[in-house]
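Structural overview for review
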Amino acid sequence: MFKKVKTTAVASLVATIMTLGLMSYANVGIVSNAIASDGFESSWAAADEQRKMAAKLGFEWRDTKKLLKKAKAANESGENEKAMKLVAKAHEQSNDAIAQQERESSAWQSRVPK
Amino acid sequence: MIFLKIRLTEGPNESEIMKKLIVVITATITAFSWISLHAGPDSDQAAFEKYFTSKFPDTPVSDFINGVYSIDKPSREQWEEIEEFPPYELAIDSGKAAWNKPFANSKTYADCFENEGAVRGNYPYWDADRKEVVTLELAINECRVANGEEPLKYNKGKMADISAYMSYQSRGQKINVVIPDDPDAMAAYERGKEFYYSKRGQLNFSCFDCHGSGSGNLVRADKLSPALGHTSHFPVYRSKWGGMGTLHRRFGGCNKQVRAAAFKPQSQIYRELELFLTYMSNGLDFNGPGARK
Amino acid sequence: MLRKTAVIAFLTPLLLLGSVSGSLAIADEAAITKGKKVAFDRKKGNCLACHMIDDGTLPGNQGPPLVAMKARFPDKEVLKAQIYNPLEKNPNSIMPPFGLHNILSDGEIDAITEYLLTL
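Residues numbered from 1 in each chain as written. Chains lettered and ligands numbered in written order. Predicted model: local features only at pLDDT ≥ 70, side-chain atom pairs only at ≥ 80, totals over all residues. Heavy atoms only, no water.

Listed as interface residues are 16 residues of chain A and, on the opposing side, 21 residues of chain B. Here chain A and chain B share an interface that buries about 1600 Å² over both sides, 58% of which is from carbon and sulfur atoms. Summed over the shared surface of chain A and chain B, the number is zero salt bridges. Across the chain A-chain B interface, the total number found is eight residue pairs in polar contact (both at pLDDT 80 or more). Grouping the amino acids of the side of chain A that touches chain B by side-chain chemistry returns five nonpolar, four polar and seven charged. (Contact = heavy atoms within 4.5 Å. Buried area = accessible area lost by both parts, 1.4 Å probe. Salt bridge = Lys/Arg side-chain N within 4 Å of Asp/Glu carboxyl O. Polar contact = N/O pair within 3.5 Å; in protein donor to acceptor, adjacent residues only side chain to side chain. Nonpolar A, V, L, I, M, F, W, Y, C, P; charged D, E, K, R; others polar.)

One pass over the full model with this rule turns up 24 aromatic pairs over all chains. Between B:Tyr51 and B:Phe52 the ring centres are 5.1 Å apart and the planes differ by 80°, which places this aromatic pair in the edge-to-face class. A centroid spacing of 5.5 Å and a plane angle of 75° characterise the contact between B:Phe251 and B:Tyr270, whose relative ring orientation is edge-to-face. With B:Phe251 in helix α10 (residues 247-257) and B:Tyr270 in helix α11 (residues 268-279), the pair connects residues that are 19 residues apart, well separated along the chain. For B:Phe251, a relative accessible area of 10% puts it in the buried group. We classify B:Tyr270 as buried; its relative accessible area is 0%. Three or more aromatic residues joined by ring pairs form one cluster here, namely A:Trp108, B:Phe48, B:Tyr51, B:Phe52, B:Tyr189, B:Tyr196, B:Tyr197, B:Phe208, B:Phe276 and B:Tyr279. (Phe/Tyr/Trp six-rings, centres within 6.5 Å; stacked < 30°, edge-to-face > 60°. Helix = DSSP H or I, 4+ residues; strand = E, 2+ residues; numbered from the N terminus. Buried < 20%, exposed > 50% of the residue type's maximum accessible area, 1.4 Å probe, protein only.)

What follows concerns the layout of surface pockets. Taken as a whole, the second largest pocket spans an internal volume of roughly 360 Å³. Along the wall of the second largest pocket there are 19 residues; nearest its centre are A:Glu60, A:Trp61, A:Lys65, B:Ala261 and B:Ala262. Where the lining of the second largest pocket is concerned, the elements lending two or more residues are α2 (29-56) and α3 (64-76) of chain A. If you tally residues by element for the lining of the second largest pocket, the top one is α3(A), at four residues. Residue classes in the lining of the second largest pocket are distributed as nine nonpolar, two polar and eight charged. (1 Å grid on protein atoms, 1.4 Å probe; cavity = no way out; pocket = protein on both sides within 12 Å on 5 of 7 lines; lining within 4 Å. Points joined across faces, edges and corners; volume = space filled by probe spheres on them.)

Set out below in structure tokens:
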């Protein structure tokens, strides 16, 4: 499950980078916009999937949902670069939250008064 | 070990050593399982209480129900003045009015709760049939729904008022949470405990980081209150809120300030957290509603 | 002839060095100002919540006072590492992992480090 999410995230990131690369090469405005927006959708979905994973573990961070909302708004108003940055930030927050859960699953006991 | 070594140099047969080893190992395992059986909620509670009574030796144990004012003389004086005209009085009055006003089906809260609502000391409890923790606020809404009324929002408003009235009626009752010898109840307690000690959020804090090891320290100008007695006085009037709030509203606030997502009030995990945290204060008095900064 | 070349050869690196260190000093100044701002900002470092620092008002006392930093942290990287991820040294630390959890950017952490080394 973990692996799968990560793989799709990486795949979509690679796809986006490639798309962006093509975009700047060909510089075909309207068409490339549609492609970038397509990359956005899959990156956004992967980041949201990771957020849900963190939430399921009980470790979601406060601002992750807000970042994803802002990303959507930015994408809709045509600010693709900003939108992708926000998605990446949200995705990283959830990665960190999941790593935090892993750390804490063995660390919390050391704090219990004996 | 030494004993075995000596025997070895004397050259006994191997099977005899094996037998002795097995006896020793079995005895050790038995001893350990006895210890782990008895290292349950009871000894957790004793260690928890001792942690705070040793950290704040000047505070009588019965006084921890007064939160930060139990360890901070200057702010205690201000607080005692506030308590002379308590800001939660309005909430008690409006809770009393709601208590007495019949539902549409002409029944009242008194048909759900005995003793004129003085039942605070029965909550939270583990319901063995439902296999979940039942809190006072959950029971209030279940009473409403059973009588055809809309459930109330859990954080503030009418819910906090009714809870304030019932807590007021119950002042002086002992905190006496029971964790039955039942694997499901134990698991719920353990989840509440793990939640309390786990670091969460972008800022990476556990509840205990602030209210245990950090209690008594200053965050800017505010002293952090000790966790012992933490659930005794809810709902609470908080000047910062400009009104009343329930215990789970406070849980949500404390989660959010470390940039963790808050859980819904009365969610399973917050009820289990309440079970654990209230159990830690067993033996102290319920003294709600309260007033805090 | 030979002497002239020698003098030039000797002077050039000195001149170069002078101009480089001059611009470095300006960069430091900017970083120090920025570092102090980020450290004191409640929405950023909020270091004052736990540390007494410099002329910061209403400091908390959960962490040690940040004084004599240059003497106590001769290795800049050690100081930076404490800010980036205090869990490395103490898994129970209550100090937030400012870098690990992206609470501050790398640039902001560098700036705070420069600032702290002036204390």
